[in-house]
Amino acid sequence: MEWSILEQYGPALLRGFGVTVLCWILGTIFGMALGLMIALIQRYGPRWLGWIIQAYIEVIRGTPFLVQLFVLYYGGPLIGLRLDALPAGLLGLTIYGSPYFAEIFRSGFRAVPHGQIEAARAIGMAEPTIVRRVLLPLGLVSSLPALVNFSIILTKETVILSIITVPELMYQVSRMSTETFRYLEANLVLALFFWALVETISRVGRRLETRITKHLIERT
Amino acid sequence: MQASAVDIRKVNKYYGPFHALKDVDLAIPPGKVTCLIGPSGSGKSTLLRCINFLEEYDSGEIRIDGQLIGYEVPGRKMSGRKLRQMRRSIGMVFQQFNLWPHMTAKENVAEGLIRVRGLSKSEAETRAAEALTKVGLADKMGNHPARLSGGQQQRVAIARAIAMEPRLMLFDEPTSALDPELVGEVLNVMKALASEGMTMVVVTHEMGFAAHVADQVAFMEKGELVAVDSPQGIFHAPKDERIWNFLRTYHERNSF
Ligand SMILES: Nc1ncnc2c1ncn2[C@@H]1O[C@H](COP(=O)(O)OP(=O)(O)OP(=O)(O)O)[C@@H](O)[C@H]1O
Ligand SMILES: [Mg+2]
């Protein structure tokens, strides 16, 4: 093993990791937001819109991320959607994650006991207020473990963005490998960075979970 | 004769093909306690939930202080806003309490005052504290539901309803989910409420409560309202064989 090349490639790798983290954070936030919107429309929206969304969900879930990204990046310009690599990658991640997030929210909402929603209706609370004050807080709590889990899966999907030249970690690692033939070192660095990221996310996730469920768990 | 607080006339309700309420007629007098009794599946909860339109009835009329609930005119649905307006003055207490677990006792009670009645947070909290004190929970206001016993949770639920200053309170088996030793504290709060002149409709399996606190008792079976009478009349001189059978199985089940 030859670690001295890290002196040369270290800064690029760090920058790449920064881009990876950025893509992951923004992709997760946007994906969750879109997924939440989808879940709410499925619950409250008109039937026909629900069907359209169902079709969208099936198409996205039924195709590989790589293919979606190609279509978006190379096919987009054909319909006037000309994006740089990074925005295209973020949009791709958002779209890719949204059906999974939507599904997580949907089952989270289903886990909210109907009686607690009826109790709000019975005092005359308006439906949007019920969503905001009862359905969302309780639905999010029951969704949290699955949300953390899927956002961890999403970290690893970011490597695919290298294919459309987003300068994230995988991209830098590939460059280093082809320029130096140090495949093993390069990929060990990649693994190490991802391990650190995933470990951090799951730790923060567990903390968050303990904190917000503290009041909800019955004393035994 | 005084006008009824709730007037139920020829109400029918179907769940698909199943006929859950059959031409139900019932007048709820103001300031009085009406208990609904009857075997399981007879339609007591369904009828009670039609009164605040949590369940939609298909035909007939239910009037709250003279105003039709759920429909503008028979057959045409009322707007959501109007329905919510009417629900403000109808309190409901559920068998499973249905408190919001992410809020403290005080927040549970204040929530409706803030979001529905539009009170300021501090005003709502003052009133929530009053309501909780009234049900004997002055020292538990900061507890989340998970840190309260069943009886305490049900009392918070009652406080949540009465804080809205309803004209009518509906109870659906408020003590059925409670351990026997916790039933009394909830019934006592209900008795106090009754003695203040609250109009109450109570679905219950507590025959003792029905016999001693109710002003009138309605007996249902298979979606029909079989009889309405004084507790004396229902429990000691039932005019219908179905009531007699029901009371006999009740006594057999509860004697040892
Ligand atoms: N949402 C529903 N869909 C279909 N059938 C229903 C529904 N809710 C109630 N029913 C049926 O309507 C009938 C009356 O139900 P209801 O809950 O009013 O009975 P109940 O008198 O309150 O009984 P219990 O004492 O067990 O609470 C029952 O046969 C029940 O199975
Ligand atoms: Mg019932």
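The name recorded for chain B in an unreviewed UniProt entry is Amino acid ABC transporter ATP-binding protein, PAAT family, from Paracoccus denitrificans. The UniProt entry for chain B carries the following text under Subcellular location (unreviewed entry): "Cell membrane". Quoted straight from UniProt, the Sequence similarities (unreviewed entry) entry for chain B says "Belongs to the ABC transporter superfamily."

The name given to chain A in an unreviewed UniProt entry is Amino acid ABC transporter membrane protein 2, PAAT family, with Paracoccus denitrificans as the source organism.

(A) Structural detail: the site of ligand 1. Residue and element names in this part refer to chain B. Taken together, the residues surrounding ligand 1 are Tyr15, Phe18, Pro39, Ser40, Gly41, Ser42, Gly43, Lys44, Ser45, Thr46, Glu173 and His205. Between ligand 1 and the protein, one listed contact pairs a nitrogen atom with a side-chain N or O atom of Tyr15 at 3.3 Å. Between an oxygen atom of ligand 1 and a side-chain N or O atom of Thr46, the distance comes to 2.5 Å. Element by element, the count of residues in the shell around ligand 1 is highest for helix 1 (residues 44-51), at three residues. Residues of the shell around ligand 1, tallied by class, amount to three nonpolar, seven polar and two charged.

(B) Spatial organisation of the packing of aromatic side chains. Residues and elements named next belong to chain A. Counting across every chain of the model gives 12 aromatic pairs over all chains. Ring geometry for Tyr73 and Tyr74: centres 4.9 Å apart, planes at 75 degrees, overall edge-to-face. Look at Phe101 and Phe150: their rings are 5.0 Å apart centre to centre, the planes differ by 90 degrees, and that puts the pair in the edge-to-face class. In this pair, Phe101 is assigned in helix 4 (residues 85-110) and Phe150 in helix 6 (residues 127-157), connecting sequence segments 49 residues apart. Residue classification places Phe150 among the buried positions, given a relative accessible area of 7%.

(C) Up close: the environment of Gly70(B). All names here are of chain B. By the element assignment, Gly70 lies in the loop between strand 5 (67-68) and strand 6 (71-73). Taking relative accessible area as the criterion, Gly70 reaches 2% and is therefore assigned buried. Counting along the chain gives 59 residues from Gly70 to Ala129, while the straight-line C-alpha distance between them is 32 Å. Excluding residues that lie within four positions of it along the chain, Gly70 makes contacts with Phe53, Lys77, Met78 and Leu83.

(D) How the structure looks around the UniProt feature "domain: ABC transmembrane type-1" (unreviewed entry) in chain A. When the UniProt feature table is mapped to this numbering, "domain: ABC transmembrane type-1" (unreviewed entry) covers residues 17-202 of chain A. In residues 17-202 of chain A, the share of helix is 82% and the share of strand is 0%. The end C-alpha atoms are 18 Å apart.

(E) The environment of Glu221(B), seen in detail. All names here are of chain B. Examined against the element boundaries, Glu221 turns out to sit in strand 11 (residues 216-221). Between the alpha carbons of Glu221 and Gln95 there is a distance of 20 Å; along the sequence they are 126 residues apart. Beyond its immediate sequence surroundings of up to four residues, Glu221 is in contact with Pro39, Ser42, Val226 and Arg242.

(F) Here's a closer look at the sheet that holds strand 12 (residues 224-229) of chain B. Residue and element names in this part refer to chain B. If you trace the six strands from one edge of the open sheet to the other, you get 8-9-10-3-11-12, paired in mixed fashion. Both outer strands of the open sheet, strand 8 (90-93) and strand 12, are each paired with one neighbouring strand and no more. Neighbouring strand axes in the sheet, compared pairwise and without regard to direction, differ in orientation by 15 degrees on average. Note: strand 11 against strand 12, five bridges, orientation antiparallel.

(G) Quick peek at unusual backbone geometry. Residues other than glycine seldom take positive phi values, yet Phe53(B) does so here, at roughly 65 degrees. Tracing the sequence through the fold places Phe53(B) in the loop between helix 1 and strand 4 (59-64).

(H) Quick peek at the side chain of Thr104(B). Locating Thr104(B) in the fold gives a position in the loop between strand 8 and helix 3 (105-115). On the accessibility criterion, Thr104(B) (11% relative accessible area) is buried.

(I) Fine view of empty space enclosed by the protein. For the coordinates displayed, the defined rule picks out one cavity of 30 Å³ or more. When its volume is computed, the largest cavity comes out at roughly 40 Å³. The wall of the largest cavity is formed by Ala119(A), Ala122(A), Ile123(A), Met92(B), Phe94(B), Ala157(B), Arg160(B) and Ala161(B). Those elements giving two or more residues to the lining of the largest cavity turn out to be helix 5 (114-122) of chain A together with helix 5 (150-162) of chain B. Among the elements that line the lining of the largest cavity, the one with the most residues is helix 5 of chain B, at three residues. Classifying every residue of the lining of the largest cavity by side-chain character gives seven nonpolar, no polar and one charged.

(J) Structural detail: the nonpolar core. Core analysis: the biggest nonpolar cluster contains 146 residues, and Ile158(B), Met169(B) and Met200(B) have the highest contact counts within it. Per-element accounting of this core gives the leading share, 12 residues, to helix 6 of chain A. What Met169(B) contacts, discounting residues up to four positions off in sequence, is Gly91(B), Val93(B), Ile158(B), Ala161(B), Ile162(B), Leu193(B), Met198(B), Thr199(B), Met200(B) and Val201(B).

Parameters and conventions
Residues numbered from 1 in each chain as written. Chains lettered and ligands numbered in written order. Predicted model: local features only at pLDDT ≥ 70, side-chain atom pairs only at ≥ 80, totals over all residues. Heavy atoms only, no water. UniProt positions renumbered as here; feature names shortened; annotations may be inferred. Near = heavy atom within 4 Å. Polar contact = N/O pair within 3.5 Å; in protein donor to acceptor, adjacent residues only side chain to side chain. Helix = DSSP H or I, 4+ residues; strand = E, 2+ residues; numbered from the N terminus. Nonpolar A, V, L, I, M, F, W, Y, C, P; charged D, E, K, R; others polar. Phe/Tyr/Trp six-rings, centres within 6.5 Å; stacked < 30°, edge-to-face > 60°. Buried < 20%, exposed > 50% of the residue type's maximum accessible area, 1.4 Å probe, protein only. Contact = heavy atoms within 4.5 Å. Pairing = 2+ DSSP bridges. Axes fitted to C-alpha atoms, helices over the stretch in contact; angles between N-to-C directions. 1 Å grid on protein atoms, 1.4 Å probe; cavity = no way out; pocket = protein on both sides within 12 Å on 5 of 7 lines; lining within 4 Å. Points joined across faces, edges and corners; volume = space filled by probe spheres on them. Core = buried A, V, L, I, M, F, W, Y, C linked by side-chain atoms within 4.5 Å.

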